[in-house]
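# Chains, contacts and geometry: an overview
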Amino acid sequence: MCVAEFSSTLHCKVIMPRKKTDAETTEQETLEALVARLEEIVGLIQSGQLGLEKSVELYEEGQRIAKICEARLNALQQRIEIVSPLPTDLQQARNSPDPLDSYSTLLA
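Computed from a prediction, not measured in an experiment: that's the story for all the values here. All residue numbers refer to positions counted from 1 along the written sequence of the respective chain. A pLDDT threshold of at least 70 governs which residues receive local features in this predicted model, and a stricter bar of 80 or more applies before side-chain atom pairs are shown or counted, although totals over entire chains, interfaces and linings include all residues. Water and hydrogen atoms play no part in the side-chain values, which are based on all heavy atoms of the structure.

### Topic: the overall build of the chain
Worth spelling out the cut-off: Strands are runs of DSSP state E lasting at least two residues, helices are runs of H or I lasting at least four, and both sets are numbered from the N terminus onward. Only protein chains enter the accessibility calculation, which uses a 1.4 Å probe; a residue is then buried when its area is under 20% of its type maximum, exposed when over 50%, and partly exposed in between. Two residues form a contact once any of their heavy atoms are found within 4.5 Å.
Summing up its helical and strand segments, the chain has five helices and two strands in all. Beginning at the N terminus, the succession of helices and strands in the chain can be written as β-β-α-α-α-α-α. In the chain, which comprises 108 residues, the share counted as buried stands at 9%. For the chain, restricting intrachain contacts to residue pairs at least 6 apart in sequence, the fraction spanning at least 24 positions comes to 43%.

### As for the pattern of salt bridges
For the record, the criterion: The salt bridge definition used is simple: a Lys or Arg side-chain nitrogen within 4 Å of an Asp or Glu carboxyl oxygen.
Throughout the structure, instances matching the rule amount to three salt bridges. Between Glu57 and Lys54 there is a salt bridge whose closest N-O contact spans 3.9 Å. Here Glu57 and its partner Lys54 are both found in helix α3 (residues 52–83), three residues apart, which amounts to about one turn of the helix.

### A word on the nonpolar core
To keep it simple, the criterion reads: The term nonpolar core refers to a set of buried residues drawn from Ala, Val, Leu, Ile, Met, Phe, Trp, Tyr and Cys, joined through side-chain atoms within 4.5 Å.
Grouped together as the largest cluster of nonpolar side chains are seven residues: Leu31, Leu34, Ile41, Leu58, Ile65, Ile68 and Cys69. Looking at which element gives the most residues to this core, the answer is α3, with four residues.

### Considerations on the confidence of the model for the chain
The following threshold applies: Here pLDDT means the predictor's own confidence in every residue, given as a number from 0 to 100.
Per-residue pLDDT for the chain averages 75, and the proportion of residues at 70 or more is 55%. Within the chain, helix α2 (residues 31–47) carries the highest mean pLDDT (95), whereas strand β1 (residues 3–6) carries the lowest (43). This stretch, residues 1–7, has a pLDDT under 50; its non-local contacts, to residues over four places away or in other chains, come to 16 contacts. When the criterion is pLDDT under 50, residues 11–20 qualifies, and its contacts beyond four places in sequence or with other chains add up to 20 contacts.

### Topic: the environment of Cys69
Inspection of the secondary structure assignment puts Cys69 in helix α3. Residue classification places Cys69 among the buried residues on the basis of a relative accessible area of 5%. It is 9.5 Å that separates the C-alpha atoms of Cys69 and Glu27, two residues lying 42 residues apart in sequence. In this structure, Cys69 is in contact with Leu31, Leu34, Val35 and Leu38, ignoring residues within four places of it in sequence.

### Here we look at the side chain of Ser55
Tracing the backbone shows Ser55 in helix α3. Judged by its relative accessible area of 15%, Ser55 is buried.

Given below as structure tokens:
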């Protein structure tokens, strides 16, 4: 949709609606679409077919998408925990350090 403004001298100025930015578009995409885009970005960068500048642009885009995905996954996890909370012993186990981690530091 566009809107036209006319001046008294019969000049027409067409005003196009503001195009959504990449960030706005990304915010509206599904999590699956965002993950697919991340995979595409990784493939493009790893192909070695892009110049350094384009690779950096894609890397920056990937970082923005990764932050959005992380925030969405955290929100989904919170929703799941509200609906079906973990039993107390599982919550404690989840929050305690991994015993194998401390074992591996002893071996080092």
